[in-house]
Amino acid sequence: MQRSGKKTASARFGAWVGLNVLTVALVSTPAAAQAAEASLDFNEASKETAPGIKADEATTRAAIQLFNDAVTVQANGKHNRLLRALRHLEAPALGPLFVELSRASHPSLRVHGLLGVAELNQPRGLIASDIAAVARADVQAELISAALDGDLIDQRTRSALLSWHSLPLGVKLLLATPQVAAGEYDINSPGYELLFAALDDDTLGRRGLSALLLHQLGEDQGRLALESITDSTHPSSDAVRATLLETAWTHGLNGTAAWAYDVATRPGTPPRLEVLALKVAIRFGDARGDARWTQRFESSEDISLRTRLAWVGLEVAPWLSPERFVPLIESDDPLIAQLGCTAQAVAQSRPGHGQHPAVEAHAVALIETHHPQAARWAAEYASETGSAALAAAAA
């Protein structure tokens with residue numbers, strides 16, 4: 001996996017901190033101390049290439065405290081945040097720490113350890129035997145869910161896990177989702193029959209996810225179940241529909257366009273759910289979604305809704321014609337106008353529309369509005385397009 005220069009630098013610093021602090025910071029257990037000691041050989045070997053950083057006593061004490069906090073389970077979840085940060089460094093020098101944590105008795109520490117090892121593996125990822133080594137079913141479920149979020153389980157391993165009888169239904173649905181999205185799931189796949197069984201589950205969320213997947217697979221029962229959820233008056237129905245729409249967007253479930261449009265146009269649909277549904281409908285090719293988005297933007301006097309619609313326009317810009325953004329560009333609101341300019345530039349940069357060097361300039365101008373979403377969008381766009389200039393601006 002290609003890494004940006006910024007992350008590489010962070011990893012080098014993280015490695016240096018780990019090498020110089022780990023021995024002291026982890027002496028709370030003999031095994032952890034041994035893990036720290038295992039890092040010292042690497043330390044000696046890398047002295048000539050290590051960055052020229054001078055040890056500072058206050059910094060070292062702070063680093064020791066952070067490492068101690070990271071391996072001490074805390075009710076406020078601080079250890080989770082710290083361990084996620086350490087994993088994000090992907091520094092090989094932290095390998096012994098993650099190996100030791102992968103043997104911890106506490107589920108949270110063990111999951112972080114297993115994920116940390118998987119992220120350092122070459123190639124990255126977990127295999128079925130790694131998960132089988134975890135005896136507790138609830139820890140297995142937590143590990144699989146987190147690993148799927150981190151793209152650490154490949155197609156072969158997902159298929160193997162779907163054949164396990166011990167895994168909870170909810171976990172199997174999560175495993176099946178990327179398989180369905182990739183077109184690698186059919187009636188002969190392990191667990192296919194569970195999608196139908198889940199339609200009768202007591203939990204609306206699991207019923208919804210199974211319906212979404214079956215609908216994507218072309219099964220009529222999935223379509224009917226989705227329509228039932230759209231009509232549902234259950235207290236959590238809006239939250240479930242939002243989660244299903246996000247799942248469709250994230251995994252590219254392109255069979256959901258008409259259902260998404262139906263959600264967007266139902267009377268009484270909350271505005272946030274409406275714009276999310278429009279986003280999905282437009283991306284997956286429902287032309288009614290394009291017209292509805294324009295009509296809603298031009299007819300609304302609610303600046304909050306207009307701004308949400310403008311952000312949606314930017315997110316679906318690769319699937320819209322550049323002319324669609326003229327009403328945004330002509331807005332009196334500076335943020336909406338800049339969103340329109342940026343979205344139009346993105347739409348013009350698609351294959352077949354020629355390259356449009358204004359994308360980076362407009363994206364930088366968007367960042368300079370200091371809207372909290374601007375830097376996040378720019379960083380994601382930079383990651384997708386490989387724009388180093390935009391990545392630096394979004395940092």
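Note that this is a predicted model, so its numbers are computed, not measured.

A.B. asks: I'd love a proper account of the overall build of the protein, names of residues and values included.
C.D. replies: The helix and strand inventory of the protein stands at 24 helices and zero strands. Here the protein, with 395 residues, has 46% of them falling under the buried criterion. For the protein, contacts bridging at least 24 residues in sequence account for 60% of all contacts bridging at least 6. Carbon together with sulfur atoms contributes 53% to the accessible area of the protein, which is approximately 19600 Å² in total.

A.B. asks: Requested: an account of the nonpolar core, with residues and values cited.
C.D. replies: Counting residues in each nonpolar core, the largest one holds 90 residues, and the members touching the most others are Leu245 and Trp377. The greatest single-element share of this core, amounting to eight residues, is contributed by helix H17 (residues 271-283). Not counting residues within four places of it along the chain, the set of residues in contact with Trp377 comprises Trp311, Leu314, Thr342, Val346, Ala363 and Leu366. Counting residues in each nonpolar core, the second largest holds 14 residues, with Phe67, Leu97, Phe98 and Leu109 among its members.

A.B. asks: Describe in detail the packing of helix H5 (residues 78-89) against helix H7 (residues 107-120), supporting the description with residues and values.
C.D. replies: H7 packs onto H5 with a crossing angle of 10 degrees between their chain directions and a minimal axis gap of 10 Å. Taken together, the axis directions place H5 and H7 in an arrangement best described as roughly parallel. Each of His79, Asn80, Leu83, Arg84 and Arg87 in H5 lies in contact with H7, whose residues at this interface are Ser108, Leu109, His112, Leu115, Gly116 and Glu119.

A.B. asks: Any details on unusual backbone geometry? Residues and values, ideally.
C.D. replies: Looking along the chain, the bond that leaves Gln122 and enters Pro123 is cis, with omega of 0 degrees. The backbone of Glu90 shows a phi angle near 50 degrees, a positive value even though the residue is not glycine. Mapping Glu90 onto the fold places it in the loop between H5 and helix H6 (95-101). With a relative accessible area of 12%, Glu90 lands in the buried category. With phi around 65 degrees, His370 is a residue other than glycine that occupies positive phi space. By relative accessible area, His370 is classed as exposed at 69%.

A.B. asks: Give a detailed account of H5, specifying residues and quantitative values.
C.D. replies: An ideal rise of 1.5 Å per residue puts 16 Å on twelve residues; H5 measures up with 17 Å between its terminal C-alpha atoms. For H5, the complete set of buried residues consists of His79, Leu82, Leu83, Leu86, Arg87 and Leu89. All buried residues of H5 project into a common sector of 150 degrees when viewed along the axis, lining one side. Glu90 lies just past H5 and shows a positive phi near 50 degrees.

A.B. asks: Could you give an account of helix H16 (residues 257-265), with specific residues and numbers?
C.D. replies: All of the buried residues along H16 are Ala257, Trp259, Ala260, Tyr261, Val263 and Ala264. Turning to H16, the residues buried within the fold contact helix H13 (204-216), helix H14 (220-231), helix H15 (237-251), H17 and helix H18 (287-299).

A.B. asks: Describe the pattern of salt bridges, with residues and values.
C.D. replies: A full pass over the atoms with the stated rule returns 16 salt bridges. Across the salt bridge formed by Arg206 and Asp201, the nearest N and O atoms sit 3.1 Å from each other. Classification of Arg206 as partly exposed rests on a relative accessible area of 31%. The network of salt bridges with shared partners includes Asp220, Arg223 and Glu227.

A.B. asks: Any chance you could break down the environment of Leu83 for me, citing the residues and the numbers?
C.D. replies: When you line up the elements, Leu83 lands in helix H5. Along the chain, Leu83 and Leu109 lie 26 residues apart, while their C-alpha atoms are 8.5 Å from each other.

A.B. asks: Could you give an account of the packing of aromatic side chains, naming the residues involved and the relevant values?
C.D. replies: When we look at a pair of aromatic rings, we describe it by the centre distance and by the angle of the planes. Applying the stated criterion across every chain, the model contains five aromatic pairs. Among the aromatic residues, those joined into a ring-pair cluster are Tyr185, Tyr192 and Phe196. Above the plane of the ring of Trp249 lies Arg283, whose end atom (NZ or CZ) is 4.9 Å from the centre.

A.B. asks: Which residues make up the side chain of Arg87, and what are the values?
C.D. replies: Mapped onto the secondary structure, Arg87 falls in helix H5. On the basis of relative accessible area, Arg87 is assigned to the buried category, the value being 14%. Looking at Arg87, its side chain comes within polar contact range of the side chain of Glu119, at 3.0 Å. Non-local contacts of Arg87, meaning those with residues more than four positions away in its chain, are made with Phe98, His112, Leu115, Gly116 and Glu119.

What counts, and at which threshold
- Residues numbered from 1 in each chain as written.
- Predicted model: local features only at pLDDT ≥ 70, side-chain atom pairs only at ≥ 80, totals over all residues.
- Heavy atoms only, no water.
- Helix = DSSP H or I, 4+ residues; strand = E, 2+ residues; numbered from the N terminus.
- Buried < 20%, exposed > 50% of the residue type's maximum accessible area, 1.4 Å probe, protein only.
- Contact = heavy atoms within 4.5 Å.
- Areas by Shrake-Rupley, 256 points an atom, 1.4 Å probe, with all protein chains shown as cover.
- Core = buried A, V, L, I, M, F, W, Y, C linked by side-chain atoms within 4.5 Å.
- Axes fitted to C-alpha atoms, helices over the stretch in contact; angles between N-to-C directions.
- Parallel < 35°, antiparallel > 145°, perpendicular 65-115°, else oblique.
- Expected span 1.5 Å × (residues − 1).
- Arc of directions from axis to C-beta.
- Salt bridge = Lys/Arg side-chain N within 4 Å of Asp/Glu carboxyl O.
- Phe/Tyr/Trp six-rings, centres within 6.5 Å; stacked < 30°, edge-to-face > 60°.
- Lys NZ or Arg CZ within 6 Å of the ring centre and 35° of its normal.
- Polar contact = N/O pair within 3.5 Å; in protein donor to acceptor, adjacent residues only side chain to side chain.

Treat this as a map of the structure, not an account of what it does.
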